[in-house]
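Structural features, examined
Chain by chain, the residues run as shown.
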Amino acid sequence: MRVILFLFLFTLFVSERSFSQVEITGSVTEIESGEGLPAATVLIVDSYRGTITNNEGFFSLSVDSLPVTLQFRYIGFETKELTLQSVPESQISIEMVPSIAILGEITVTGEDPGLSIMEMVIERKKIWRSTLNNYQVDAYTRQSLSNDTSIVSITESSSNAYWDRIEGHREVQLTRRQTMNISEDNNFAGVRYLPNFYDDNIEIAGYNLVGITHPNATRYYGFRLLETQQMDGKPLYKIEVIPKRTRQPLFEGIAWVLGRDYALLEVELKPNDVVSFPPPIQDFNLAYKQQFSNYGGEYWLPVDMRIEGLLRIGMIGLQFPSMKFNQISRLSDYEINTSIPDSIFSNDEFIVRADSLEIEGQKLSSEPIPLTEEEMLAYETIDSTKTIEEAFKPEGFLAKMIEVDETDDSERSGLSSIIPNGFTPKWRYNRVDGHHIGLNYQKRFDDFGLRTDFFAGYSFHSQNWDYGMSFSKRLFDLNRSAIDLLAGYEQKTDTRYQSELYRLGFGSINTLIGGEDYFDYFRNKKLTAGLRMQSILPRTDFTVMFQRELQSSFDNIEVYDNSLFGNHDPRRENIAIEDGTLQSVKMELGYNVEPQNYGFTGKRQIRLISEFSDDSMGSDFNFSKHTVKIDWNMNTFYQRRLFANTLDFHLTAGTSTGDLPLQRFGAIDGSMNRFTPFGSIKTRYSLPYEGNRFWLATAEHNFRTIPFELLGLRYLVEKNWSVILFGGAGYAEADGNYPDSLLTSDGVHSEVGISLNGIFGLVRLDFAKRLDRPGSFIGFSVARYF
């Protein structure tokens, strides 16, 4: 309510003040050529208010009362002031006179004077920034998106922006306007994410760049004085900003410094080549221009922000039109070290819209920065039929593959027209069941918090039916936590050991094309019931399940010795399990658990799993089994980059007491044929190690493109190839009377290797060397990106 009341009173204040305001319009031109000067600053003297001209040199500025004195400033020209005693009958015209350069070309024999000038800027900033605690400012933003031929869309907004030294930025979007092909809900024009080039650290497209006024800026940048001009009786220094470090994301360009005050007056900067993106992005360019003013006071604050961007996306068979982005923002009417309501920063969202706070949104009644002729034409000609998708429609033989499917259910074609909604086909292939075909059906009843799953299928070689069902029911919602009831029954072919990496579908394809069948199998009738407590702690779930399983080996079934091309080795026998009834209680505590992604991205997750079975439960088996699984990803070097160097670590370990049955053994994954994802022992070919006590530790460090940058191999850098060093060790042992064919590690299996990552943007190639005994291996996996 405090936010609503605050914004309501603010709206009333603005409305009341607007009745007495006078709008001043005009142009700022160069006296000799008559050409308009873009982004010239127009300030109201003795205030924190002002605006800038558009690209054609026109401006519009509202003043509270007359007389008023306006100040016009543009780099390279003498500052002008104009006092208006009454409302002008027409637009005013300001002709700017070029300033006189004090020095021409600079010859430097020792330390460049540009360095000492910037050192003074940094020291002066430390003084006035130390007393700047917060501010509130009126902001206006206009964004336009263009393709190779014309403007595609325009979005505008006016807002109140807030900054606090501790709380950071917030923005309340008050009014907005957009072309007819953009909905109001998709108008995100604002200044919250705009950089202030006086900040120490500046985030650009996910990269964290050192600002040119950072206390340690001279370690990262060289500053070269190019020329000295005069402005308002003070020297004006034009300084070139030169990155010193070739592998750090930094800025390059020009900084204008006002002498005596030693303050930034304007910057023209762009990120260096380190700020780049992997394929399919072919080109990514950003350029920033920003002006500053102290408005006659002690604090040097942003007046505007102008951004030009270009993005090209494409690959073989697929090319998008160039995407051009332009943004112009005006900041005015600062309130410094003022009282900002606590409610502004209590909202977790950085941008809040007025209508979301029950304040009636209004259209922009005037343009704080006038539209250019091209922008006015865009507003007149762009209607709702000229969509963004159509403007950036790709070309090439792969273009149809990424078209958005906008057909409704009655227009479905192909397989989707045969299978009803909710049904999913199911297939697998192994040496025991042969081909298996079935269907899954899923139905959600959101009003009741109920989700149901059914499946059924037939195996043609073993001649067995699989079928089952499960459901989950939301019992309670407790703030951010929830409790679900879980239950299910199934009768199916089950795998004797669980793989952390490979699913049955993946193994089926490998077996079908002639690879080693990775699993052993048995029949299982399974009844489960339990509870899942979600978010009992942040990102932490706890599940407890009771399980009753009637387990039996495949008897009198010959191994299905077949493959798609017939070029496989003879199929190995399927190891029999210990038949019986297994009743157990299983508990799992999981932190930030994520789906398997074969090492495409790093994870930070922990899983603790315990299972208990005893004859007092009616079980034929007496054991307890405990397993811990940890994946952790951390940044190491070049952390200011969007993709820093990373270290990934994986640990799986398990132990048991009592007589652990064969079908509960733990497994350490090896490679599946030549597929070697992270978390496997790559030189353990085709089958896993098993045991009732086991552990696996693997790690890899992704150096990204740094090695190729050091070697000067720009082609590989641009293709985003990277180098990964990896290593791992695993151990598995089995106590008791178990089949001789059971594969244990016979000591610690260790290996190291190197990978070429990002080949064709999709694949990594692994070269592994076994350490504990002779052996090597070459495999491939999914490229690691994050």
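Look up: the structure comes first, before these words.
My aim in this report is to walk through the structure given alongside it, one point at a time. (Residues numbered from 1 in each chain as written. Predicted model: local features only at pLDDT ≥ 70, side-chain atom pairs only at ≥ 80, totals over all residues. Heavy atoms only, no water.)

Helix and strand counts for the chain stand at 9 helices and 43 strands. With the principal axes as the frame, the chain shows a C-alpha extent of 105 × 65 × 50 Å. Taking all 786 residues of the chain together, the buried fraction comes to 49%. A separation of at least 24 residues holds for 62% of the contacts in the chain among residues at least 6 apart in sequence. One way to put it: in the chain the 76 positive side-chain charges average out to a point 5 Å from where the 106 negative ones average out. (Helix = DSSP H or I, 4+ residues; strand = E, 2+ residues; numbered from the N terminus. Buried < 20%, exposed > 50% of the residue type's maximum accessible area, 1.4 Å probe, protein only. Contact = heavy atoms within 4.5 Å. Lys, Arg positive; Asp, Glu negative; His and termini not counted. Charge placed at Lys NZ, Arg CZ, Asp CG, Glu CD.)

Here the focus is the sheet that holds strand S4 (residues 58–63). The 3 strands are arranged S4-S1-S7 in an open sheet whose pairing can be described as mixed. In the strand order of this sheet, the two ends are held by S4 and strand S7 (92–96), each with one partner. On average, adjacent strands in this sheet sit at an angle of 30° to one another, irrespective of strand direction. Pairing geometry for strand S1 (residues 22–30) and S4, over 6 bridges, is antiparallel. Note that in S4 the partner of Glu23 across the bridge is Ser62. (Pairing = 2+ DSSP bridges. Axes fitted to C-alpha atoms, helices over the stretch in contact; angles between N-to-C directions.)

Looking now at the packing of aromatic side chains. All chains considered together, the criterion is met by 35 aromatic pairs. Every member of this aromatic cluster is reached through a ring pair, and the members are Tyr497, Tyr502, Phe506, Tyr518, Phe519, Tyr521, Phe675 and Phe780. Looking at Arg245, its charged tip hangs above the ring of Tyr220, at a distance of 4.2 Å from the centre. The side chain of Lys443 reaches across the aromatic face of Phe445, ending 5.8 Å from its centre. (Phe/Tyr/Trp six-rings, centres within 6.5 Å; stacked < 30°, edge-to-face > 60°. Lys NZ or Arg CZ within 6 Å of the ring centre and 35° of its normal.)

Residues Leu66 and Pro67 are joined by a peptide bond in cis, for which omega reads 5°. When you line up the elements, Pro67 lands in the loop between S4 and strand S5 (68–73). At Phe760, a residue that is not glycine, the phi angle is positive and equals roughly 55°. Inspection of the secondary structure puts Phe760 in the loop between strand S41 (749–759) and strand S42 (763–770).

A few words on the side chain of Ser619. Position of Ser619 relative to the elements: it lies in the loop between strand S32 (605–613) and strand S33 (623–635). Polar side-chain contacts of Ser619 include one of 3.5 Å to the backbone oxygen of Thr581. Here Phe621 takes part through its backbone nitrogen, which lies 3.1 Å from a polar atom of the side chain of Ser619. Once you skip the residues sitting within four places of it in the chain, Ser619 turns out to touch Thr581, Leu582, Gln583, Ser613 and Asp614. (Polar contact = N/O pair within 3.5 Å; in protein donor to acceptor, adjacent residues only side chain to side chain.)

Next up on the list: the pairing of strand S13 (residues 207–210). Consecutive side chains of a regular strand alternate in pointing toward one face of the sheet and then the other. Taken together, the 4 bridges between strand S12 (residues 201–204) and S13 define a ladder with antiparallel strand orientation. Considered in S13, the bridge of Asn201 is made with Val210. Here S12 folds back onto S13 in antiparallel fashion, the turn holding 2 residues, of which Ala205 has a positive phi close to 50°.

We now examine the pattern of salt bridges. Tallying each qualifying case throughout the model produces 44 salt bridges. Here Glu156 makes a salt bridge to Arg142, at a shortest N to O gap of 3.7 Å. Taken together, the residues Glu156 in strand S10 (residues 151–164) and Arg142 in strand S9 (residues 134–146) connect sequence positions 14 residues apart. Overall, Glu156 belongs to the buried group, its relative accessible area being 0%. It is possible to trace a salt-bridge network through shared partners that takes in Arg431, Arg496, Glu516, Asp517, Asp520, Arg572 and Glu690. (Salt bridge = Lys/Arg side-chain N within 4 Å of Asp/Glu carboxyl O.)

Further remarks concern a nonpolar patch on the surface. A cluster of nonpolar side chains, Trp427, Ile437, Phe460, Ile509, Ile513, Leu564 and Phe565, forms an exposed patch at the surface whose accessible area comes to about 740 Å². Structurally, Trp427 is set in strand S24 (residues 423–430). (Patch = residues over 30% accessible without salt bridge, like charges linked within 9 Å, V, L, I, M, F, W, Y side chains within 5 Å. Areas by Shrake-Rupley, 256 points an atom, 1.4 Å probe, with all protein chains shown as cover.)

A separate point is the environment of Gln178. Looking at the element boundaries, Gln178 is found in strand S11 (residues 168–178). As a C-alpha pair, Gln178 and Arg142 span 36 residues in sequence and 9.3 Å in three-dimensional space. A polar contact is formed between the side chain of Gln178 and the side chain of Asn187, at a distance of 2.7 Å.

Here we take up helix H7 (residues 504–512). Considered for burial, the residues of H7 that qualify are Gly507, Ser508, Asn510, Thr511 and Leu512. Buried residues along H7 sit against S24 and strand S25 (434–445). Looking one or two residues past H7, Gly514 carries a phi angle of roughly 115°, positive in sign.

Turning next to the nonpolar core. Counting 65 residues, the largest nonpolar core has Phe197, Ile212, Tyr221 and Leu264 as the members making the most contacts within it. Non-local contacts of Ile212, meaning those with residues more than four positions away in its chain, are made with Met118, Ile122, Phe197, Ala217, Tyr221, Phe223, Val241, Ala255, Leu264, Val267 and Leu269. Listed in part, the 18 residues of the second largest apolar core include Leu37, Ala40, Ile44 and Leu70. (Core = buried A, V, L, I, M, F, W, Y, C linked by side-chain atoms within 4.5 Å.)

Moving on: the sheet that holds strand S6 (residues 80–84). Across the sheet, which stays open at both edges, the 4 strands sit in the order S3-S2-S5-S6 with antiparallel pairing between neighbours. Since the sheet does not close on itself, it has two edges, and those belong to strand S3 (50–52) and S6, each with one partner. Each neighbouring strand pair of the sheet contributes to a mean axis angle of 20°, computed without reference to strand direction. Relative to S6, S5 is paired through 5 bridges, and the arrangement is antiparallel. Bridging across to S6, Val68 finds its partner in Leu84.

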